[in-house]
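In case you want the letters, here they are:
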Amino acid sequence: MIDVDSIRKDFPVYSKQPQIIYLDSAASSLKVKSMIDQVDHYYHTLGVNVHRGAYDLAYVTTKLYEDARKTVANFIHSKEEEIIFTRGTTSSLNMIAGSYRDILKPGDEIITSELEHHSSLLPWMITAQKTGAKLVYIPLTTTGRITVENFLAVLSNHTKVVALTHVSNVLGFLTPIVEITKLAHEKQAIVILDAAQSAPHMKLDVEALGVDYMAFSGHKMFGPSGVGVLFGKEALLNKLEPFEYGGEMVDEVYKDHATFKDAPLRFEAGTPVISGAIGLAAAIRYIESIGFYAMHEHTEALHQYALVKLKAVKGVTIYNQSAENPVITFNIDGIHPHDIATMLDQYHVSVRAGHHCAQLVSKFLGVSSTLRASFHIYNNRADCDTFIESIITAKNFFEGF
Ligand SMILES: Cc1ncc(COP(=O)(O)O)c(C=O)c1O
């Protein structure tokens, strides 16, 4: 069972800004002290590069960096060689979609969905435009879910790539990715999973999921911004062209050609995100010390508590009552989401308003934008109460005009 008062002591922002009611963790989580301390330790006591120096500081730094890779590998049950540190989910997904510009041919099909975040959709849209491959959308159910049945309706012998979100950042719906991946593999298609929203909330085991590539970001899981992960199956990674060329990824350089290292260094050209990787490992250790079971139990209880209260407010439309992730996406009749969000800020309540970098979801819902409240382990019932009270106050205020 989670004790929020004690959890909040682990998140220094609460001591600096005790008034905050932070309900925007789906955008970026708050940052945990043990992560900040690790990053601080690196800059204060080490601060040098990895893999290069023949001196003690470099050895210690390289060990910390490579240990961080081990921590991530254990966290998602992969091999160390399958973990590439990147700038974040966006850059991980761009790397893979970019490399398939040399592989896909006209007539090939890329299956995607209207639930994708722009960073899962746009790289493949551009790859499709450049290669002549076709983007094919899984028809969503009336509530906006991806189902295996609807996936089967678009899967074909032309399918070469399946690029899907694991959990929608707008609706919080979980994609049945294990079944989808099995079916995609029967057609020899590769599966790329955007795990930006699932990694902060559920145990990800790449062996059980079966996916070929997976991406997530540090900043949504109590870690630093500017770091993320690209997981790729070792055999696939070593067949891919490097994404970038430069220092540390090369084996042997001749005047007219060069040979490259195997993964992961093959894909980490130049100085990597050293502090980010070390910080992400500390954030993962924190998550593991709490455990996904306890995290889920807590956030799901809050989610349900807030849902019941929000449903009781007249004129509120909730788009995702059955969401697996602790996120509520809604609108209030006749009032623009940005007006509500701005007013909520006066009560120190932070929620997100807009299309959440997933315009096709708004189009699917038939609205220009929505409000989104999302919960994590540092939230409590009092946060939910203030959230609902401020919604009612804002609603009364705007309806008074
Ligand atoms: C589902 C999903 N995919 C991708 C991203 C992009 O992540 P980042 O901005 O960390 O690259 C986000 C961030 O909001 C997301 O929610």
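Residues numbered from 1 in each chain as written. Predicted model: local features only at pLDDT ≥ 70, side-chain atom pairs only at ≥ 80, totals over all residues. Heavy atoms only, no water.

**Focus: the side chain of Thr175**
Rules: A helix here means a DSSP run of H or I that spans at least four residues, while a strand means a run of E at least two residues long, and both kinds are numbered starting from the N terminus. Counting of polar contacts relies on pairs of N or O atoms within 3.5 Å, with two restrictions inside protein: one atom must be capable of donating a hydrogen and the other of accepting it, and residues adjacent in sequence are counted only when both atoms are side-chain atoms. Note on contacts: a residue pair qualifies if any of its non-hydrogen atoms lie within 4.5 Å across the two residues.
With respect to the helices and strands, the residue Thr175 is situated in the loop between β5 (159–165) and α8 (177–186). Here Thr165 takes part through its backbone oxygen, which lies 2.7 Å from a polar atom of the side chain of Thr175. The residues touching Thr175, leaving out its near neighbours within four places in the chain, are Ile146, Leu164, Thr165, His166 and Ile180.

**What about the site of the ligand?**
Which entries qualify depends on this criterion: The rule for a residue being near a molecule or strand is that one of its heavy atoms must lie within 4 Å of it. Per-residue and other accessible areas were derived by the Shrake-Rupley procedure at a 1.4 Å probe size, with only the shown protein chains allowed to occlude residues. Polar here means any residue outside two lists: the nonpolar Ala, Val, Leu, Ile, Met, Phe, Trp, Tyr, Cys and Pro, and the charged Asp, Glu, Lys and Arg; Gly therefore counts as polar.
Residues in contact with the ligand, as listed here, are Thr89, Thr90, His117, Ser119, Thr165, Asn169, Asp194, Ala196, Gln197, Ser217, His219 and Lys220. Ser217 has a polar side-chain atom sitting 2.6 Å from an oxygen atom of the ligand. Within the side chain of His219, a nitrogen or oxygen atom sits 2.7 Å from an oxygen atom of the ligand. When the free accessible area of the ligand is taken as 390 Å², the share hidden by the protein chains comes to 85%. Split by residue class, the shell around the ligand holds 1 nonpolar, 9 polar and 2 charged.

**Overview of the pairing of strand β15 (residues 370–374)**
To keep it simple, the criterion reads: A 1.4 Å probe rolled over the protein chains alone gives each residue an accessible area, and that area as a share of the maximum for its type sets the label: buried under 20%, exposed over 50%, partly exposed in between. Criterion used throughout: strands pair if DSSP finds at least two bridges between them.
When you tally the buried positions in β15, you get 5 out of 5 residues, the bulk of the element. Residue alternation in β15 divides its side chains into two sets, Thr370, Arg372 and Ser374 and Leu371 and Ala373, and both sets are buried. Of the strand pairs in this sheet, strand β12 (residues 327–332) and β15 are connected by 4 bridges, and their pairing is antiparallel. Residue pairing across strands places Phe330 opposite Leu371, the latter belonging to β15. As defined by bridge partners, strand β14 (residues 352–354) adjoins β15 across 3 bridges and the pair is classed as antiparallel. In the sheet register, Ala353 faces β15, and the bridge partner there is Leu371.

**Notes on the pattern of salt bridges**
In plain terms, the rule: Take a side-chain nitrogen of Lys or Arg and a carboxyl oxygen of Asp or Glu: if they are within 4 Å of each other, that pair is a salt bridge.
Counted under the stated rule, the structure contains 13 salt bridges. A salt bridge links Glu324 to Arg145, with the shortest nitrogen-to-oxygen separation between them at 3.1 Å. One end of the pair, Glu324, is in the loop between β11 (316–318) and β12; the other, Arg145, is in the loop between β4 (134–137) and α7 (148–154), with 179 residues separating them in the sequence. A residue is classified by how much of its surface remains accessible, and Arg145, at 19% relative accessible area, is buried. In this structure, Lys233 engages Asp212 in a salt bridge whose closest nitrogen and oxygen atoms are separated by 3.2 Å. A residue pair is termed long-range when its members are at least 10 positions apart, and Lys233 in the loop between β8 (228–232) and α10 (234–237) and Asp212 in the loop between α9 (206–209) and β7 (213–217) qualify at 21 residues. Residue class for Lys233 comes out partly exposed when judged on its relative accessible area of 28%. A network of salt bridges, in which partner residues are shared, links Lys63, Asp67 and Lys70.

**Some points on the domain arrangement of the chain**
Rule in force here: Each domain's extent is set by a domain assignment, obtained either automatically or from a database. Put simply, buried area is how much 1.4 Å-probe accessible surface two parts lose in total, over both of them, once they are put together.
Here the domain parsing of the chain yields domain 1 (4–28 + 291–399) and domain 2 (35–289). Contacts between the two partners involve 34 residues from domain 1 and, on the opposite side, 35 residues from domain 2. Surface buried jointly by domain 1 and domain 2 totals about 2800 Å² across both partners, of which 60% is contributed by carbon and sulfur atoms. It is Phe292, Asn325 and Phe364 in domain 1 that bury the most area against domain 2; as a group they hold 24% of the surface buried on that side. Put simply, domain 1 and domain 2 have 1 salt bridge between them. There are 20 residue pairs in polar contact (both at pLDDT 80 or more) connecting domain 1 and domain 2.

**Here's the deal with the sheet that holds β7**
What counts is decided by this rule: Here an angle of 0 to 180 degrees is reported between the N-to-C directions of two axes, which are lines fitted to C-alpha atoms, with helices fitted over the stretch in contact.
Here 7 strands make up an open sheet; going across it, the order is β2-β8-β7-β6-β5-β3-β4 and the pairing mixed. Either end of the sheet is taken by a strand with one partner, and the two such strands are β2 (83–86) and β4. Sheet twist, expressed as the average angle between the axes of neighbouring strands with direction ignored, equals 20°. Pairing analysis gives 4 bridges linking strand β3 (residues 109–112) to β4, with the strands arranged parallel. Note that in β4 the partner of Ile111 across the bridge is Val136.

**Structural notes on the packing of helix α13 (residues 337–345) against helix α15 (residues 381–399)**
Put simply, the rule is: An angle counts as roughly parallel when it lies under 35 degrees, as roughly antiparallel when it exceeds 145, as roughly perpendicular when it falls between 65 and 115, and as oblique in every other case. What makes a crossing left-handed is the near helix being turned counterclockwise from the far one by less than a right angle; a clockwise turn instead makes it right-handed.
Viewed as axis vectors pointing N to C, α13 and α15 meet at an angle of 120°, and their least axial separation amounts to 9 Å. The orientation of α13 relative to α15 falls into the category oblique. Helix-helix and strand crossings are classified by hand; for α13 and α15 the assignment is right-handed. Contacts between α13 and α15 involve Asp339, Ile340, Met343 and Leu344 from the first element and Phe387, Ser390, Ile391, Thr393, Ala394, Phe397 and Phe398 from the second.

**Details of the packing of aromatic side chains**
The condition is simple: Each Phe, Tyr or Trp ring, with Trp reduced to its six-membered ring, pairs with another whose centre is within 6.5 Å; inter-plane angles below 30 degrees give stacked pairs, above 60 give edge-to-face pairs, and intermediate values give tilted ones.
Applying the stated criterion across every chain yields a total of 14 aromatic pairs. Summarising the aromatic geometry, the rings of Phe11 and Tyr286 are spaced 5.7 Å apart at their centres and angled 80° between planes, so their arrangement reads as edge-to-face. Here Tyr286 lies in helix α11 (residues 274–290) and Phe11 lies in the loop between α1 (4–9) and α2 (13–16), a separation of 275 residues in the sequence. Taking the centre distance of 4.9 Å and the plane angle of 70° together, the rings of Phe11 and Tyr378 count as edge-to-face.

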